[in-house]
Amino acid sequence: MASTEEDGSVEEKENNNKKRTKSAIAVAWLTFYNIAMTAGWLVLAIAMMRFYIQKGTHKGLYKSIARTLKFFQTIALVEVVHCAIGIVRTSVIVTGVQVCSRIFMVWFITNSIKQIQNEESVILFLAVWTFTEITRYSFYTFNLLNHLPYFIKWARYNMFIIMYPLGVAGELLTIYTALPYVRKTGMLSVRLPNKYNVSFDYYYFLVIVMLSYIPLFPQLYFHMLRQRRKVLLGEIIVEKDE
Amino acid sequence: MDTLALEAKATGQEKKSSAPRPRPKPPKKAKRIVYFEVEIVDAKTKEKLLLLDKVEPTSTILDIKALFHKSNPQWYPARQSLRLDPKGKGLKDEDVLQTLPVGTTASFYFFDLGAQIAWGTVFLSECYGPLLIYLMFYFRLPFIYAPKYDFSSSKHWVVHLACMCHSFHYVKRILETLFIHRISHGTMPLRNIFKNCSYYWCFAAWMAYYINHPLYTPPYYGQQQVKTAVIIFLFCQVGNFSINITLRNLKCPGSKVKKIPHPTKNPFTWIFALVSCPNYTYELGSWMGFTVMTQCLPVAFFTIVGFVLMTVWARGKHRNYRKEFRDYPTLRSPILPFIL
């Protein structure tokens, strides 16, 4: 994993030790970040529930929380940087794929294709995301403060078992519903002939994205399952060397 | 007689020495050969896999690998990595047992490198693929473009030129793989053939699709642009070839001695003064020429991705050169003079 001395945060890496001695700045920043994100997603959750209780319908719900959602989901890009500079011990690629798929859904599907914003599948994945993110960020926060309540650890490593598939279902259904509108408007597509001799069909791109869930989702799911076995059940897993 | 036969085998000479030279008495050491004991342990599970006793001190790692292969036929020597330290580097095949920092009981950690495949096979498949795939698009075989264009020919001469350049490039690479390249490692992991072939074949198909498309738009600056680009392309192809010849001439067949490449009388090799891996520099130049010639975004993409990969390889090689040779010229950069 790449680790450079950036932003003046010098790390003492003990190569034979699993736990790295992080600098105080890194810990302070991460704590702040995770608290902020927990708060953000809590705000989203409460806004969604308030809307539904007040209006009794989910139509218009997305529009009311769109800005907050876009803000907090986009900020999550910073987590890739955390992995890259080594203050968080996760693979850059795994985090990158997860964050990118979220950004893609928010900006390139629900934000761009207005007609599908009132679909139930959108509410489904939004609810899943909100629940998952609140659990995840509060887990990180308490972990950093060395005061992790067992129920949060339990939630983080068990709820994903149903949340993950539900979330994927919501996302896939949303993309599928969006397809006809993409076809009709020809959005984000380039056709031949043009002077750069290239073409891009957003419709087929979305189809490929949907198909790519088939190999990618199990990998992420089993990654979480392995983490669960390691953390909750204390199993030592011999990693397959590349 | 036996010692004579062994000596003849070792020097690779025919046994036709006329007058039997008076053999000096065998050195006293031969009477007191200290045989080594070799233990091979699995690097991950630490389980003892094999114990060999009475191993000649002059046997090489390759000999030990051969012996290990006999008892474990599924692990042929090419896929064995024997190490002194489980986290260390694999020992070289030609390392001799008695020169290693081990006592008379040597313990090696075994690491399975996975199924291996000859580098020649990989190189040839990754070159034949694009050659044939491009031609399929060039000749507009059925099911690629609309049926009315099947087997038709493009009306732009730059498309024909591009086909010639692309094909020339891969034919040159195939010939170089067969006759010129000398690679130190005999094999590479099997999954490399899938990785490499997907990369080359998919990109070739993607580029060929647009260049040979019936709706292809020729370059904006017309003849001037194409002519300049072709000259750059050919210049870099000749350059790349010169570098490959120079690198081949550095290594004598069978010798594993590494040498620093230097500029020769051939002007195309003068770039060695500034760059460690000019073969990659020229390769980049060729593809840049091809991009300008075809004015096709997928080609530009391929050039950029290739540039990133080659820079990573060049920097690795540059680092190895500097580690290996104390007096390595400091003016040289890995791939781009003074820049990268």
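What you are looking at is a predicted structure, and each value in this text was computed from that prediction instead of being measured. (Residues numbered from 1 in each chain as written. Chains lettered and ligands numbered in written order. Predicted model: local features only at pLDDT ≥ 70, side-chain atom pairs only at ≥ 80, totals over all residues. Heavy atoms only, no water.)

Caption draft 1: Geometry of the overall build of chain A. Regarding its fold elements, chain A presents 8 helices and 0 strands. Reading chain A from its N end, one meets helices and strands in the order α-α-α-α-α-α-α-α. Considering chain A as a whole, with its 242 residues, one finds that 38% of them fall into the buried category. Long-range contacts, defined here as pairs at least 24 residues apart, represent 70% of the contacts in chain A between residues at least 6 apart. (Helix = DSSP H or I, 4+ residues; strand = E, 2+ residues; numbered from the N terminus. Buried < 20%, exposed > 50% of the residue type's maximum accessible area, 1.4 Å probe, protein only. Contact = heavy atoms within 4.5 Å.)

Caption draft 2: Main features of the interface of chain A and chain B. Each partner contributes to the interface: chain A provides 10 residues, whereas chain B provides 12 residues. In this assembly, chain A packs against chain B so that about 1100 Å² is buried in total across both faces, 59% of it on carbon and sulfur atoms. Between chain A and chain B we count 0 salt bridges in total. One can count 6 residue pairs in polar contact (both at pLDDT 80 or more) joining chain A with chain B. Looking at the side of chain A that touches chain B residue by residue, the classes come out as 4 nonpolar, 3 polar and 3 charged. (Buried area = accessible area lost by both parts, 1.4 Å probe. Salt bridge = Lys/Arg side-chain N within 4 Å of Asp/Glu carboxyl O. Polar contact = N/O pair within 3.5 Å; in protein donor to acceptor, adjacent residues only side chain to side chain. Nonpolar A, V, L, I, M, F, W, Y, C, P; charged D, E, K, R; others polar.)

Caption draft 3: Region of interest: the UniProt feature "transmembrane region" (unreviewed entry) in chain A. Residues and elements named next belong to chain A. Per the UniProt entry, the sites bearing "transmembrane region" (unreviewed entry) are residues 27–53, 157–182 and 202–222 in this numbering. Along residues 27–53 the backbone is 100% helical and 0% strand, and the end-to-end C-alpha distance reaches 39 Å. Overall, residues 157–182 shows 96% helix and 0% strand. The separation of its end C-alpha atoms is 37 Å. (UniProt positions renumbered as here; feature names shortened; annotations may be inferred.)

Caption draft 4: Examining the pattern of salt bridges more closely. For the structure shown, the criterion picks out 9 salt bridges over all chains. In this structure, the salt-bridge partner of glutamate 79 of chain A is arginine 136 of chain A, at a minimum N-O distance of 3.2 Å. Here the residue glutamate 79 of chain A occupies a position in helix H3 (residues 78–85), and arginine 136 of chain A occupies one in helix H5 (residues 120–144), the gap between them amounting to 57 residues. Taken individually, glutamate 79 of chain A and arginine 136 of chain A each receive the classification buried, so the pair is uniform in this respect. A salt bridge links glutamate 283 of chain B to arginine 173 of chain B; the shortest N-O distance between them is 3.7 Å. Taken as a pair, glutamate 283 of chain B in helix H8 (residues 278–294) and arginine 173 of chain B in helix H5 (residues 157–179) lie far apart in primary sequence, 110 residues in all.

Caption draft 5: Quick peek at helix H1 (residues 24–55) of chain A. Compared with the 46 Å implied by 1.5 Å per residue over 32 residues, the 46 Å span of H1 of chain A between its first and last C-alpha is a close match. The first or second residue beyond H1 of chain A is glycine 56 of chain A, which carries a positive phi of 75°. (Expected span 1.5 Å × (residues − 1).)

Caption draft 6: Unusual backbone geometry, seen in detail. Cis geometry marks the peptide bond from leucine 192 of chain A to proline 193 of chain A; its omega dihedral reads -10°. Mapped onto the secondary structure, proline 193 of chain A falls in the loop between helix H7 (160–185) and helix H8 (202–232). Not every positive phi belongs to a glycine, and phenylalanine 143 of chain B is a case in point at roughly 75°. Relative to the elements of secondary structure, phenylalanine 143 of chain B occurs in the loop between helix H4 (119–138) and H5. For phenylalanine 143 of chain B, a relative accessible area of 84% corresponds to the exposed category. The backbone of phenylalanine 338 of chain B shows a phi angle near 65°, a positive value even though the residue is not glycine. Along the chain, phenylalanine 338 of chain B falls in the segment after helix H9 (297–324). You can call phenylalanine 338 of chain B exposed: its relative accessible area is 62%.

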